[in-house]
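Here is what each chain is made of, one letter per residue.
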Amino acid sequence: MTGAPGTGTPVVIAVGRETAAGEQRVATVPDVVQKLVKAGFEVRVEHDAGARAFYPDDSFVAAGAKIAASRSDLLKGARVMLCVQPPTVADAGMFSEGTIVVGFMNPANNLDGIRALRDRKVTAFALELVPRISRAQSMDALSSQATAGGYVAAVMGAAHCPKFLPMLTTAAGTIRPATVLILGAGVAGLMAIATAKRLGALVEAYDVRRAAGEQVRSLGAKFLELEINAEGSGGYARELTPEEKVKEQQMVSAAVARADIVITTAAIPGRKAPVLITRETVAAMRPGAVIIDMAAESGGNCELTVAGTTVHDHGVTIIGPRNLPAQIPFHASQMYARNLQSFLALLVDKSGALTRDFSDEILAASLLVHAGEVRHKPTQDLLTGGRA
Ligand SMILES: NC(=O)c1ccc[n+]([C@@H]2O[C@H](COP(=O)([O-])OP(=O)(O)OC[C@H]3O[C@@H](n4cnc5c(N)ncnc54)[C@H](O)[C@@H]3O)[C@@H](O)[C@H]2O)c1
């Protein structure tokens, strides 16, 4: 891979140390570095970028990367920057014009950052905008990270539950299995179901998309049926009507009341998370029950959830975690790094040079900022709404 054909200068890919609070992941791992170096890239990793995910600098060096002592050394001459969290305004100021940045960009909640990238004439691809088509599965970072988050949520629920999850027959008596309820059976929910099943719990799950029923049952869990099918466009859920919401609340309340652990993942893209568990429902739960609200950052599926903290109410522990995938940083980083490796393959043309043709369906959909313009219409609208 050469940046300037004939000169033999390799394209430099930079991987920074994540600076957001609580972020432990890193955008590449040694196995992926090895492949990128073999493909002709130079990979530069900022000092200690992988330390919190347990990939020390030495492991990157052994894979063929160079270690940069500082952020400015990292970015000197870099054509591509890989990140997990969106670059900060300060980072954007350090990029050269035309740098390609790939990572989560959280556009709706990061308008200052997007403005800075636009004004710096950076090319930014947002992984959350990668279309969920079969060809893009290997670069679907939303799914890989939701898988990591779903696993952590189930393990966290088990760790806070005062009961065993499996049934036990012991000399000290028989222990009945705990009941785990999963609300929202998308990618994260299905992983939470599989994990709770492996821990031996009785697992029930509910989703407004009837199609989720088959997947839930195939994992050995019970699917709670409601006479509603709220499958919206693109396989996502639509918002329920007020009458449907009442029916849902009744059924969900009964299931929540018999659960020892409830893991909620219900989300509607671009909207506040639906409230599925009211404060009255919490009051009717078993003492010692635990709620892990994976939708905490988008408003919460439980009325009492506070994002980033734990609330105790009527003997129920309600946890509103932020950034669950960062709690399993070794494997979440590995999966994310492979997603980025697949995405990078789209950015290389037949001659091995970086492409400037972004007409490919996946590139076009995920291109957020390019050549001084915001290319993603909803983000553009948010910016012009704020007259920026
Ligand atoms: N490459 C692909 O084809 C691909 C990849 C990943 C996901 N998908 C599909 O995308 C869809 C959404 O996946 P996701 O995990 O990103 O979803 P998501 O994070 O947007 O939502 C999580 C789940 O919450 C459910 N939900 C929303 N409102 C609810 C309510 N009121 N009550 C109960 N549940 C509610 C949704 O139906 C969804 O299953 C699924 O159909 C999934 O199979 C496809």
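Residues numbered from 1 in each chain as written. Predicted model: local features only at pLDDT ≥ 70, side-chain atom pairs only at ≥ 80, totals over all residues.

Would you explain the site of the ligand in this entry?
By nearness alone, 29 residues border the ligand, and Gly184, Gly186, Gly235, Ala237 and Ala266 come closest of all. Elements with a contribution of two residues or more to the shell around the ligand: helix 6 (141–160) and helix 7 (187–198). Across the shell around the ligand, the residue classes break down as 18 nonpolar, seven polar and four charged. (Near = placed C-beta within 6 Å. Helix = DSSP H or I, 4+ residues; strand = E, 2+ residues; numbered from the N terminus. Nonpolar A, V, L, I, M, F, W, Y, C, P; charged D, E, K, R; others polar.)

Sorry if this is basic, but what is going on with the packing of helix 6 against helix 7 here?
In helix packing, the relevant descriptors are the interaxial angle and the interaxial distance, both defined with respect to the helix axes. Put simply, helix 6 and helix 7 touch, their axes get as near as 7 Å, and they point 40 degrees apart. In terms of orientation, helix 6 lies oblique with respect to helix 7. Between helix 6 and helix 7 the crossing geometry is right-handed. Counted together, Ser143, Ala146, Thr147, Gly149, Gly150, Tyr151, Ala153, Ala154 and Val155 of helix 6 and Val187, Ala188, Gly189, Leu190, Met191, Ala192, Thr195 and Ala196 of helix 7 form the full contact between these two elements. (Axes fitted to C-alpha atoms, helices over the stretch in contact; angles between N-to-C directions. Parallel < 35°, antiparallel > 145°, perpendicular 65-115°, else oblique. Left-handed = near helix turned anticlockwise from the far one by under 90°. Contact = placed C-beta atoms within 7 Å.)

What exactly am I supposed to notice about unusual backbone geometry here?
In terms of backbone geometry, most residues other than glycine have negative phi values and most peptide bonds are trans. The phi dihedral of Asp48 falls on the positive side, at around 65 degrees, and the residue is not glycine. Mapped onto the fold, Asp48 is located in the loop between strand 2 (42–46) and helix 2 (57–62). Take Asp48: there are 13 C-beta atoms within 10 Å of it, and that puts it in the partly exposed class. In this structure, Asn323 takes a positive phi of about 45 degrees despite not being glycine. (Buried ≥ 20, exposed ≤ 12 C-beta atoms within 10 Å, placed from the backbone.)

I would appreciate a short explanation of the pairing of strand 12 (residues 261–264) in the present structure.
Regular strands show a simple pattern: their side chains alternate between the two faces of the sheet. Residue alternation in strand 12 divides its side chains into two sets, Ile261 and Ile263 and Val262 and Thr264, and both sets are buried. As paired elements, strand 9 (residues 179–183) and strand 12 share four bridges and run parallel to each other. Counterpart to Leu183 in the pairing with strand 12 is Thr264. Where strand 12 and strand 13 (residues 290–293) come together, four bridges link them in parallel fashion. From the neighbouring strand, Ile263 faces strand 13, where its bridge partner is Ile292. (Pairing = 2+ DSSP bridges.)

Looking at this model, I keep getting lost on the nonpolar core. Mind explaining?
Side chains of a nonpolar character, in soluble globular proteins, are inclined to be buried together. By size, the foremost hydrophobic cluster in this structure holds 117 residues, and its most contacted members are Ile13, Val180, Ile182, Ile193, Ile263 and Leu368. Residue-level mapping places this core at the junction of two domains, with at least three residues from each of domain 1 (12–139 + 328–379) and domain 2 (143–327). Filtering out sequence-adjacent residues up to four positions away, Ile193 remains in contact with Ile182, Ala185, Val203, Ala205, Val216, Leu219 and Ala221. (Core = buried A, V, L, I, M, F, W, Y, C linked by C-beta atoms within 7 Å. Domains from an automatic or database assignment.)

How should the sheet that holds strand 10 (residues 202–206) be read in this particular structure?
Pairing between sheet strands relies on hydrogen bonds along the backbone, with the strands arranged either parallel or antiparallel. Spatially, the seven strands line up as an open sheet ordered 11-10-9-12-13-15-14, and their pairing is mixed. Each of the sheet's edge strands pairs with one partner strand only, and the pair in question is strand 11 (222–223) and strand 14 (310–313). As defined by bridge partners, strand 9 adjoins strand 10 across five bridges and the pair is classed as parallel. Opposite Leu183, over in strand 10, you have Tyr206 as the bridge partner. Packed on one face of the sheet, helix 7 meets strand 9, strand 10 and strand 12 and runs near 165 degrees to strand 10.

What exactly am I supposed to notice about the sheet that holds strand 2 here?
The strand order across the open sheet formed by eight strands is 3-2-1-4-5-6-16-17, and the pairing between neighbours is mixed. Two strands bound the open sheet, and with one partner strand each, they are strand 3 (66–68) and strand 17 (373–374). As defined by bridge partners, strand 6 (residues 123–126) adjoins strand 16 (residues 367–370) across two bridges and the pair is classed as antiparallel. Its bridge partner lying in strand 16, Ala124 is registered against Val369.

Sorry if this is basic, but what is going on with the domain arrangement of the chain here?
A common way to report how large an interface is uses the accessible area buried once the components associate. When cut into domains, the chain gives domain 1 (12–139 + 328–379) and domain 2 (143–327). Just the C-alpha atoms count here: the centres of domain 1 and domain 2 sit 32 Å apart. With 12 residues of domain 1 at the interface, the matching set in domain 2 holds 12 residues. Its residues assigned to classes, the side of domain 1 that touches domain 2 comprises five nonpolar, four polar and three charged.

Hey, could you run me through the pairing of strand 14 in this one?
The pairing of strand 14 with strand 15 (residues 316–319) spans four bridges and is antiparallel. Each residue of the ladder has a partner; that of His312, found in strand 15, is Thr317. In this antiparallel pair of consecutive strands, strand 14 and strand 15, the connection spans two residues, and His314 shows a positive phi of 50 degrees.

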